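Observations on the three-dimensional arrangement
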Amino acid sequence: MILYLLSGISVAAAAEDRADVSCTVEAVAGGVECHSDGELRWEVTHPSLWSDKTAYIEGADAPAPVGPVIADGSAFYSVFNDLLEVAVEEGIIESRARFPAEISGLQIGDDGKIQVSLGGTGGDRAQGETITIPVEPGSSGPPQMAWSLENLAERFLTSKDAERLLASALDSEEAVELLGEASRIDPTNPFFSQLLGTALQETGDDRGAKRAFSQAAESPDALWEDLLRVSGLLEGAGAPEDAERAYQLGMAQLEQLGINAEQVVSLLPMVTTFLGSSDDFSPLLEAFQAGDMQEVQRLAIRMADTFPNVEGSHWNWEALARWMAEEGADGLAREMQRLADENKEAAFGILEQVVTELDLALLAFVSIAIALLLFSFLIGMRGGVARREAYDGGDERSLWIPRLRVRDLIVPAILFGVLAAIPYHVNTHAMVAEEFANMPIANLQDGMASPQTEEWLMNMADNPAIHELLDSVLAEREALKEGREPPERQPVVHLLVDAAYENAEQAQWDLLRAGQMPDIVAAVKMIDSDPSEFQAPGGTSLALLLIPLGGLLVVMVLGSILGARAPKVCGGLLLVIPGGPRRLAPLGALLLLALIASLAAMAGLDNVIEQMAAAEVHRQFGLPELQEYTASPSRAWAKITVAVVVIVHAAIATWERHNSESQPD
């Protein structure tokens with residue numbers, strides 16, 4: 001009795017001699033069951049329907065699947081995103097199809113097709129809109145990946161079915177019995193066979209384990225993403241040949257289904273298929289920690305071949321190349337660098353290159369701000385010294401007013417304008433980053449038919465890219481609703497980037513027209529929010545530009561007072577600090593800026609954002625140790641600039657001092 005209650009997917013035969021008697025299939029809490037003449041004939045239970053492992057083992061309440069409906073002698077029902085076909089007479093699951101959103105309803109149409117309704121549950125999965133897709137009984141699901149991150153774990157229902165079933169076993173012998181029966185009843189779930197093989201290994205039955213691993217790898221009715229995930233688990237179980245077969249079968253199904261892997265730029269599929277297996281096991285991490293570079297390269301190439309354009313791959317493959325090179329494997333390093341270069345030029349590389357621009361913008365902003373502050377003080381000191389000289393000659397005007405030349409202020413004024421414009425540049429990129437952070441995941445997973453995608457697009461500023469994307473969305477949607485092949489798919493990531501930038505530019509201009517300017521410290525909201533609630537980062541009044549301008553004037557006046565009160569000391573400082581000599585005007589500010597920017601770059605300020613972004617990518621790939629191998633930009637230019645500035649300044653300062661000493665008192 002206990003075994004019957006704890007079995008995850010089980011069939012209870014009421015009577016063998018009644019195998020030819022049809023029964024009535026109905027959904028019950030946690031699964032489906034079939035009754036004939038008031039007697040239970042068989043049942044199928046899905047532990048994934050319970051809220052967690054403990055609730056399943058303790059027999060708590062669980063929701064029932066959607067359905068069933070009967071077609072062609074089989075019963076069809078859904079568990080979250082999966083549509084399952086079970087043979088009415090035998091109680092054996094014969095097919096499984098995965099849909100991009102949770103299935104909310106099933107019906108049989110007049111044409112005999114199954115009408116699968118997605119969304120309409122009131123949640124965020126489809127923003128309340130229902131899409132009904134007609135599918136032939138037993139056919140594969142639509143060529144769409146996940147439309148939402150909400151309840152992402154529901155897409156792991158196959159592995160959760162197996163893992164929770166295993167957890168309910170009291171020992172290895174019971175685990176073998178439960179998993180063996182489950183793999184017979186549900187051949188569409190390769191995790192049953194994979195865990196069965198592991199359990200058999202623990203009992204010492206290596207031959208049985210080999211058969212189970214082979215069965216897991218050769219599950220023609222399994223889903224492609226399950227096959228890719230189980231491939232990684234088979235690698236860890238010491239069955240590389242089975243892992244390779246599972247991988248090849250999964251890739252063949254991916255292509256057959258019509259999903260364009262090159263359009264997948266979200267890290268989610270790679271993380272869940274290759275790195276998100278049971279107990280966070282990662283064959284790539286295992287190989288890296290063992291220093292097995294051949295295995296690291298093999299697995300990395302497999303990942304790159306499956307999803308070639310996912311975000312962050314460039315940084316990850318490049319870091320692996322540097323690691324291999326440092327370990328002396330130059331040939332392997334060159335191959336990894338080739339992967340990195342290919343990914344850098346791919347669709348998502350557009351936004352990765354923006355990170356470099358943001359680092360340069362940060363370097364420019366800090367360097368210009370410091371240079372303007374210091375140069376204003378130098379101008380003030382220079383004017384104060386000049387005022388003291390004029391005063392000693394009989395000029396009675398106040399000493400705190402500096403003697404300024406227009407040419408001294410030309411370059412600082414230009415730099416101030418550049419400084420004021422940098423927030424516009426930075427916030428444009430920040431808004432695009434926010435757009436992509438809040439973008440419906442379907443956009444990045446070859447799932448443009450998602451209702452969320454249409455809503456997201458409709459809430460953006462009108463531009464040509466939006467129109468092209470909406471055409472793709474509607475074409476995909478109509479093909480799904482009519483049950484036909486989707487139209488030829490065009491690359492959309494470049495269009496998504498263009499649309500996001502057009503939207504950001506429009507928002508920025510709206511701020512400027514309202515008398516506001518972008519706030520450089522506006523936070524990028526890295527949260528999952530309703531796309532319709534997206535708002536541009538708040539701006540600050542253009543009038544606030546007077547505050548930093550006034551600050552520069554105050555610093556200039558302070559320098560003037562110091563120059564007038566201590567002319568000899570200040571005169572010496574002006575000869576020591578680059579940009580200070582009077583003969584450098586009006587280019588002294590540029591000389592000082594070049595020095596400050598070079599020193600800031602040498603301190604690493606030109607790579608702050610990329611270092612943070614790359615570190616997060618390495619963590620997502622399961623290899624946080626790669627952070628120390630992340631490439632830093634060449635700073636040879638900074639060292640050369642410092643040397644040039646010092647030489648030029650020394651020459652000008654020497655010339656100015658010599659001319660000053662040669663003049664009669």
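What you see is a predicted model, and the numbers here were worked out from it, not measured in a lab.

Let us now look at the nonpolar core. Ile368, Leu372, Leu415, Phe436, Leu457, Leu469 and Leu496 are the most contacted members of the largest nonpolar core, which has 50 residues in total. Going through the elements one at a time, helix H14 (349-392), helix H15 (406-438), helix H16 (451-458), helix H17 (464-482), helix H18 (493-513), helix H19 (546-565), helix H20 (567-576) and helix H21 (588-602) are the ones with two or more residues in this core. Sort the elements by how many residues they give to this core and H14 lands first, with eleven residues. Grouped together as the second largest cluster of nonpolar side chains are 46 residues, Ala261, Ala319, Val617 and Phe621 included.

Here we come to the packing of helix H3 (residues 157-168) against helix H5 (residues 190-202). Following both chains from N to C, one finds H3 and H5 inclined at 35°, their axes separated by 8 Å at the closest point. Two packed elements cross with a definite hand, and for H3 against H5 that hand is right-handed. For the pair H3 and H5, contact is made by Thr158, Ser159, Asp161, Ala162, Glu163, Leu165 and Leu166 and by Phe191, Phe192 and Leu195, respectively. Looking at side-chain class alone, the contact of H3 with H5 contains six nonpolar, two polar and two charged residues.

Time to look at the sheet that holds strand S10 (residues 130-135). Taken together, the three strands give an open sheet; going across it, the order is S8-S9-S10, and neighbouring strands pair in antiparallel fashion. Either end of the sheet is taken by a strand with one partner, and the two such strands are strand S8 (103-108) and S10. Here the average twist between neighbouring strands, direction ignored, is 20°.

On to the state of the cysteines, then. Going through the model one piece at a time under the given rule, you end up with one disulfide. Paired through a disulfide, Cys23 and Cys34 show a sulfur-sulfur distance of 1.6 Å. Measuring handedness by torsion sign, the sulfur bridge of Cys23 and Cys34 sits at about 115° and is right-handed. Pair noted here: Cys23 is in the loop between helix H1 (2-6) and strand S1 (24-28) and Cys34 is in strand S2 (residues 31-36), with a separation of eleven residues, a long-range link. In terms of burial, Cys23 and Cys34 fall into one category: buried.

Summed over all chains, the structure comprises 20 salt bridges. Close ionic contact of Asp226 with Arg98 constitutes a salt bridge, the shortest N to O distance being 3.5 Å. Highlighted residues: Asp226 in helix H7 (residues 224-236) and Arg98 in strand S7 (residues 93-98), separated in sequence by 128 residues. For Glu616, the salt bridge identified is with Arg619, shortest N-O distance 2.7 Å.

Attention now moves to the confidence of the model for the protein. The share of residues in the protein with pLDDT of 70 or more is 86%, and the mean pLDDT across the chain is 83. pLDDT under 50 marks residues 121-127. Its contacts with residues more than four places away, or in other chains, come to 15 contacts.

For H19, with 20 residues, the first-to-last C-alpha span of 28 Å sits near the 28 Å given by 1.5 Å per residue. Within H19, burial applies to Leu552, Val555, Met556, Gly559, Ser560, Gly563 and Ala564.

For the rest of this paragraph, the subject is the packing of aromatic side chains. Evaluation of the coordinates by the stated rule reveals four aromatic pairs. An angle of 75° between the planes, with centres 5.5 Å apart, marks the rings of Trp317 and Phe621 as edge-to-face. With Trp317 in helix H12 (residues 313-326) and Phe621 in the loop between helix H22 (608-620) and helix H23 (636-662), this residue pair connects regions lying 304 residues apart in the sequence. Taking NZ or CZ as reference, Arg302 lies 4.5 Å from the ring centre of Tyr247, over its face.

Taken together, Val406, Ile410, Ile414 and Val418 make up a surface patch of nonpolar side chains, about 370 Å² in accessible area. Looking at the secondary structure, you find Ile410 in helix H15. Judged by relative accessible area, which is 43%, Ile410 ranks as partly exposed.

Moving on, we come to the packing of helix H11 (residues 293-306) against H12. Relative orientation and spacing of two packed helices are given, respectively, by the angle between their axes and the distance between those axes. Packing of H11 against H12 leaves a shortest axis separation of 12 Å and a crossing angle of 165°. When the axes of H11 and H12 are compared, the pair comes out roughly antiparallel. When the axes of H11 and H12 are compared, the crossing they make is left-handed. Each of Met293, Val296, Gln297, Ala300, Met303 and Ala304 in H11 lies in contact with H12, whose residues at this interface are Trp317, Leu320, Trp323 and Met324. By residue class, the composition of the contact of H11 with H12 is nine nonpolar, one polar and no charged.

Here is what the cut-offs are and how they apply
- Residues numbered from 1 in each chain as written.
- Predicted model: local features only at pLDDT ≥ 70, side-chain atom pairs only at ≥ 80, totals over all residues.
- Heavy atoms only, no water.
- Core = buried A, V, L, I, M, F, W, Y, C linked by side-chain atoms within 4.5 Å.
- Buried < 20%, exposed > 50% of the residue type's maximum accessible area, 1.4 Å probe, protein only.
- Helix = DSSP H or I, 4+ residues; strand = E, 2+ residues; numbered from the N terminus.
- Axes fitted to C-alpha atoms, helices over the stretch in contact; angles between N-to-C directions.
- Left-handed = near helix turned anticlockwise from the far one by under 90°.
- Contact = heavy atoms within 4.5 Å.
- Nonpolar A, V, L, I, M, F, W, Y, C, P; charged D, E, K, R; others polar.
- Pairing = 2+ DSSP bridges.
- Disulfide = S-S within 2.5 Å.
- Salt bridge = Lys/Arg side-chain N within 4 Å of Asp/Glu carboxyl O.
- pLDDT = per-residue confidence, 0-100.
- Expected span 1.5 Å × (residues − 1).
- Phe/Tyr/Trp six-rings, centres within 6.5 Å; stacked < 30°, edge-to-face > 60°.
- Lys NZ or Arg CZ within 6 Å of the ring centre and 35° of its normal.
- Patch = residues over 30% accessible without salt bridge, like charges linked within 9 Å, V, L, I, M, F, W, Y side chains within 5 Å.
- Areas by Shrake-Rupley, 256 points an atom, 1.4 Å probe, with all protein chains shown as cover.
- Parallel < 35°, antiparallel > 145°, perpendicular 65-115°, else oblique.

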